[in-house]
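Below, each chain spelled out in residue letters.
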Amino acid sequence: MLFNSLDFAIFLPIVFILYWFITSKSLRLQNVLLLVASYLFYGWWDWRFLSLIAFSTLVDFTVGIALEKQKDHFKRKALLWTSILVNLGFLGVFKYYNFFLDSLYDVVPGLQVALGFNTLDIILPVGISFYTFQTMSYTIDIYKEKLKPTRNFIVFATFVSFFPQLVAGPIERATHLLPQFLKVRTFDYAKAVDGMRQILWGLFKKIVIADNCATYANLIFNNSAEYSGSTLLLGAFFFAFQIYCDFSGYSDIAIGVSRLFGFDLMRNFAFPYFSKDIAEFWRRWHISLSTWFRDYLYIPLGGSRGGTPMKIRNTFAIFIVSGLWHGANWTFIVWGALNAIYFLPLLLTDKNRKNMKIAAQGNYLPTVKEFFNILLTFLLTLLAWVFFRAEDITHAWAYLSGIFSPSLFSLPASEVSPKTVIGLVMIFIVVEWLGREEQYAIADLGSKWKSPVRYTMYYAIIFALFWFGGQKQEFIYFQF
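Now for a description of the structure that goes with this document. The structure presented is a predicted model; accordingly, all values stated were derived computationally and were not measured. (Residues numbered from 1 in each chain as written. Predicted model: local features only at pLDDT ≥ 70, side-chain atom pairs only at ≥ 80, totals over all residues. Heavy atoms only, no water.)

### Looking at the overall build of the protein chain
Then, number 1: Along its length, the protein chain carries 18 helices and 0 strands.
Then, number 2: Relative to the 2.2 N^0.38 estimate, which gives 23 Å for 480 residues, the radius of gyration of the protein chain is 23 Å and therefore close to what a compact globule would have.
Then, number 3: Over its C-alpha atoms, taken along the principal directions, the protein chain stretches across nearly 70 × 65 × 45 Å.
Then, number 4: Considering the protein chain as a whole, with its 480 residues, one finds that 56% of them fall into the buried category.
Then, number 5: Contacts spanning at least 24 positions in sequence make up 78% of the contacts within the protein chain whose residues lie at least 6 apart.
Then, number 6: On the protein chain, roughly 22,200 Å² of surface is accessible, and the fraction owed to carbon and sulfur atoms is 66%. (Helix = DSSP H or I, 4+ residues; strand = E, 2+ residues; numbered from the N terminus. Rg over C-alpha atoms; globule rule 2.2 N^0.38 Å. Buried < 20%, exposed > 50% of the residue type's maximum accessible area, 1.4 Å probe, protein only. Contact = heavy atoms within 4.5 Å. Areas by Shrake-Rupley, 256 points an atom, 1.4 Å probe, with all protein chains shown as cover.)

Below is the structure:
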């Protein structure tokens with residue numbers, strides 16, 4: 001079920017009414033309702049894959065309790081690896097089996113005949129990378145004795161499948177989300193209103209900005225050989241805003257919907273395109289995944305401790321694995337490696353934590369230096385996105401070669417330079433800039449205005465959803 005669908009527009013109010021008006025006197029009934037609603041939400045896409053979530057839930061619930069009872073170090077480690085192998089096994093079969101097998105056959109000609117293994121004709125379950133990482137963090141935290149396991153199966157199953165963030169995050173930690181299912185929740189009007197406001201902004205990002213940009217990004221990337229360097233650069237610009245507004249829009253809706261039910265999810269985006277260097281960008285982009293890799297991969301590998309070779313190894317490890325998490329394609333691996341190359345100079349010169357505050361904090365405009373640092377960081381990110389969006393490495397190199405050609409200094413093709421879409425993106429950037437010190441762009445925007453003016457802004461956003469909405473597209477991160 002998509003957030004921007006009629007199905008969800010019907011589903012959400014029904015669950016909301018049942019939750020607050022029928023089951024509100026029983027925490028257990030509320031959790032059961034959320035569990036049923038979550039399985040219905042996921043099963044709406046393909047009910048067959050509900051068994052994967054159920055099996056993963058059962059394994060991690062059982063392992064969690066067993067870990068608490070077990071004192072033997074070797075047996076505890078065996079239990080932890082049971083959980084990790086089951087979850088990574090699902091990912092390996094559904095997401096990476098065909099990629100690794102094809103790559104192996106490309107490297108070793110004739111191996112396919114010798115082994116006799118063929119690729120599998122399977123589809124990737126939506127959101128499998130998200131919920132497997134969420135459940136793995138649960139067992140890892142119990143193993144490290146940072147968390148006590150829950151013995152309430154309904155609570156744990158609801159934590160794993162909680163529908164607002166099930167298929168595209170934020171990837172929650174059990175230490176943050178699980179306790180919220182154990183506490184009595186009362187309706188908070190201010191919290192619900194804030195949630196509705198964040199949902200509205202998320203829908204604007206997705207429907208007005210991302211879907212419109214997707215139309216032109218697809219057109220330019222799919223026919224890149226026919227276009228000039230300036231048009232290809234414009235195509236990369238459209239994709240940069242498509243992927244940001246698509247994914248951060250989903251996160252806004254997920255966080256807003258959760259607030260309607262009395263839950264707080266972690267922030268996933270913090271205005272990354274206003275970052276002044278790549279290190280700051282990665283502190284502001286897909287925060288739940290970046291911190292997951294930091295806590296469960298980077299730090300266990302040694303982090304930034306040790307000598308230069310170890311720092312380089314760990315940096316490449318976290319970025320390449322992050323790239324591979326996004327998709328089974330060499331383009332994602334190169335995208336990750338390229339970001340590692342961007343990041344390393346900052347780490348090795350100890351400047352990776354130089355920019356910790358949002359740009360121009362407390363001021364309307366950035367300094368000249370800040371402006372050029374933001375522009376440079378955005379351009380580096382935009383070029384890396386070419387690998388993320390391209391069909392394969394050859395396509396990406398051809399696309400970049402096309403950008404850095406003499407035709408870069410010509411005017412972009414008029415048929416893929418829609419003034420309305422570019423104007424909407426510019427308005428979007430201005431609103432994001434004005435609200436950059438808040439949790440999301442319109443969290444506080446207009447709070448000091450008179451009610452009629454503030455509501456005019458909200459109605460204008462609603463009007464834009466219908467008048468300027470682009471052709472409906474699936475959320476990009478569903479494929480991960």
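So that's the structure; there's more coming.
### Notes on a nonpolar patch on the surface
Then, number 1: Together, Leu6, Ile10, Ile14, Ile17, Leu18, Phe21 and Ile22 line one region of the surface with nonpolar side chains, adding up to about 730 Å² of accessible area.
Then, number 2: Topologically, Ile17 is positioned in helix α1 (residues 6–22). (Patch = residues over 30% accessible without salt bridge, like charges linked within 9 Å, V, L, I, M, F, W, Y side chains within 5 Å. Salt bridge = Lys/Arg side-chain N within 4 Å of Asp/Glu carboxyl O.)

### Some details on the packing of aromatic side chains
Then, number 1: Taken as a whole and judged by the stated rule, the model has 75 aromatic pairs.
Then, number 2: For the ring pair Trp282 and Phe319, a centre distance of 5.6 Å and an interplane angle of 75° mean the geometry is edge-to-face. Of this pair, Trp282 sits in helix α11 (residues 278–284) while Phe319 sits in helix α13 (residues 308–326), and the two are 37 residues apart along the sequence. With respect to burial, Trp282 and Phe319 carry one shared label: buried.
Then, number 3: When the ring centre of Trp325 is taken as origin, the NZ or CZ atom of Lys95, which lies over that ring, is 5.3 Å away.
Then, number 4: Positioned over the ring face of Trp433 is Arg436, at 3.8 Å from the centre of the ring. (Phe/Tyr/Trp six-rings, centres within 6.5 Å; stacked < 30°, edge-to-face > 60°. Lys NZ or Arg CZ within 6 Å of the ring centre and 35° of its normal.)

### Regarding the packing of helix α6 (residues 128–143) against helix α7 (residues 153–161)
Then, number 1: Where α6 meets α7, the axes come as close as 9 Å, and the angle between the chain directions of the two elements is 135°. Comparing their axes, α7 and α6 come out oblique. Listed contacts from α7 to Tyr131, Gln134, Thr135 and Tyr138 of α6 are Phe156, Phe159 and Val160. (Axes fitted to C-alpha atoms, helices over the stretch in contact; angles between N-to-C directions. Parallel < 35°, antiparallel > 145°, perpendicular 65-115°, else oblique.)

### Some remarks on the packing of helix α15 (residues 368–389) against helix α16 (residues 393–403)
Then, number 1: Viewed as axis vectors pointing N to C, α15 and α16 meet at an angle of 145°, and their least axial separation amounts to 8 Å. Here α15 and α16 pass one another in a crossing that is right-handed. Two secondary-structure elements touch here, α15 through Leu383, Val386 and Phe387 and α16 through Ile393, Ala396, Trp397, Tyr399, Leu400 and Ile403. (Left-handed = near helix turned anticlockwise from the far one by under 90°.)

### With respect to the nonpolar core
Then, number 1: With 154 residues, the main nonpolar core has Phe163, Ile209, Phe261, Tyr273 and Trp385 as its most contacted residues.
Then, number 2: Counting residues per element, this core draws most heavily on helix α10 (residues 229–260), at 18 residues.
Then, number 3: Excluding residues within four positions of it along the chain, Tyr273 makes contact with Ala240, Phe241, Ile243, Tyr244, Phe281, Trp285, Ile374, Phe378, Thr381 and Trp385. (Core = buried A, V, L, I, M, F, W, Y, C linked by side-chain atoms within 4.5 Å.)

### As for the pattern of salt bridges
Then, number 1: Applying the stated criterion across every chain, the model contains 15 salt bridges.
Then, number 2: Arg259 is paired through a salt bridge with Asp194; the nearest N and O atoms lie 2.4 Å apart. On the criterion of sequence distance, the pair formed by Arg259 in helix α10 and Asp194 in helix α9 (residues 189–222) is long-range, its members being 65 residues apart.
Then, number 3: Where Arg259 meets Asp264, a salt bridge forms, and the shortest distance between an N and an O atom there is 3.3 Å.
Then, number 4: Judged by its relative accessible area of 30%, Asp264 is partly exposed.

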